[in-house]
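Descriptive analysis of the structure
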Amino acid sequence: MTADLHCHTTASDGTLAPAQLVRLAKDLGLKALGITDHDTVNGIEEAVDAGERLGIEIIPGLELNTDFEGVEVHILGYYPDLEAPALQEVLARMRDARRSRVRAMLEKLNGLGLAVREERVLEIAGQGSVGRPHVAQALREQGYVKDIMDAFARYIGPGRPAYVSRYKLTPEQGVGLIGAAGGIAVLAHPGSVARDEIIPRLLQTGLKGIEVFHTSHSKDMERKYSEMARTLGLVMTGGSDFHGPGRKDGIQVGDRTVPLTVVQELKQLKEQM
Ligand SMILES: [Zn+2]
Ligand SMILES: [Zn+2]
């Protein structure tokens, strides 16, 4: 009777459509599944429909990418009001920013004599949110680089000639935004971020939980963060961070789970919002 509260679909950078992911989770015996795409809630409707059809509970969510002094900090939000204007506005701004960032990178690449077309990059991104991996793939297709890593190392990684920085929220803004949209803000995989000093600051802006169980966390990290969550009175969430089958990380949906009681806790917190 378990729930995987952290998964991605084609709405962001996952490779399974929401309905396919829900089907897989159901086949693997999960009772509940959190849909937490990066900076978008566009996959949720399809997932909820599929969940109702197949008999598996869908927990609507998202994962905001924020920046703390150059380090990426991810904030999960559960049960946000999908129509909340504050949320819609920021997500739209992030989407526009991704587009204009890609355009700026392509201009720089063209200036370097590398002809990559924006239409092709958008095509590669498909329904997902467009970003540097898609630019890298276009560069590879054109034979300008060996592979994605090469593209980042030579052209589009930080400090390289076609690098363009992205529009960034601070972690505090991310937590505040989720709260303003009626959602439950949870700090994602803090073990892989290693910036615990932000936790007290996030508590002040409404942090409600810590993702204690995650495929990047060691047993020691699980112990450390569950103790921290208990001390601070925060809900302990967990999930696999599955992005699709056949990836190098070898992660499968359900590789980290939490009991269904955690879903109940999230719902209780939602009622108090
Ligand atoms: Zn993350
Ligand atoms: Zn994730």
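Up top is the structure these notes are about.
Residues numbered from 1 in each chain as written. Chains lettered and ligands numbered in written order. Predicted model: local features only at pLDDT ≥ 70, side-chain atom pairs only at ≥ 80, totals over all residues.

**Looking at the sheet that holds strand 2 (residues 32-38)**
Note the following rule: Between any two strands, at least two bridges found by DSSP are needed for them to pair. Helical segments are the DSSP runs of H or I of at least four residues, strand segments are the runs of E of at least two, and each set is numbered from the N terminus. With C-beta atoms placed from the backbone, a contact is any residue pair whose C-beta atoms sit within 7 Å. Helix axes are fitted to C-alpha atoms over the stretch in contact, other axes to C-alpha atoms as well, and angles between N-to-C directions run from 0 to 180 degrees.
Across the sheet, 8 strands lie side by side as 7-6-5-4-3-2-1-8; this open sheet has mixed pairing. The sheet is open, and its two edges are formed by strand 7 (235-239) and strand 8 (258-259), each paired on a single side. Across 2 bridges, strand 5 (residues 184-187) lies against strand 6 (residues 209-214) in parallel orientation. Note that in strand 6 the partner of Leu187 across the bridge is Ile210. Seen against the sheet, helix 7 (residues 171-180) touches strand 3 (57-68), strand 4 (71-78) and strand 5 and runs at an angle of roughly 10° to strand 4.

**Topic: the environment of Met273**
Quick note on the threshold: Neighbour counting defines burial: a residue surrounded by 20 or more other C-beta atoms within 10 Å of its own C-beta is buried, one with 12 or fewer is exposed, and intermediate counts give partly exposed, using backbone-placed C-beta atoms.
By the secondary structure assignment, Met273 is in the segment after helix 11 (260-272). Owing to 14 C-beta atoms within 10 Å, Met273 belongs among the partly exposed residues under this scheme. Separated by 90 residues in sequence, Met273 and Gly183 place their C-alpha atoms 7.7 Å apart.

**Structural notes on the packing of helix 4 (residues 118-125) against helix 5 (residues 132-141)**
This is how the line gets drawn: For a crossing to be left-handed, the near helix must be turned anticlockwise from the far one by less than a right angle; the clockwise case is right-handed. Just so you know the grouping, Ala, Val, Leu, Ile, Met, Phe, Trp, Tyr, Cys and Pro go in nonpolar, Asp, Glu, Lys and Arg go in charged, and all remaining residues, Gly too, go in polar.
Contact pair helix 4 / helix 5: the axes reach a minimum separation of 9 Å and the direction vectors enclose 120°. For helix 4 against helix 5, the interelement crossing comes out right-handed. Residues Arg120, Val121, Ile124 and Ala125 of helix 4 lie in contact with helix 5, whose contacting residues are His134, Val135, Gln137 and Ala138. Partitioned by chemical class, the residues of the contact of helix 4 with helix 5 number 5 nonpolar, 2 polar and 1 charged.

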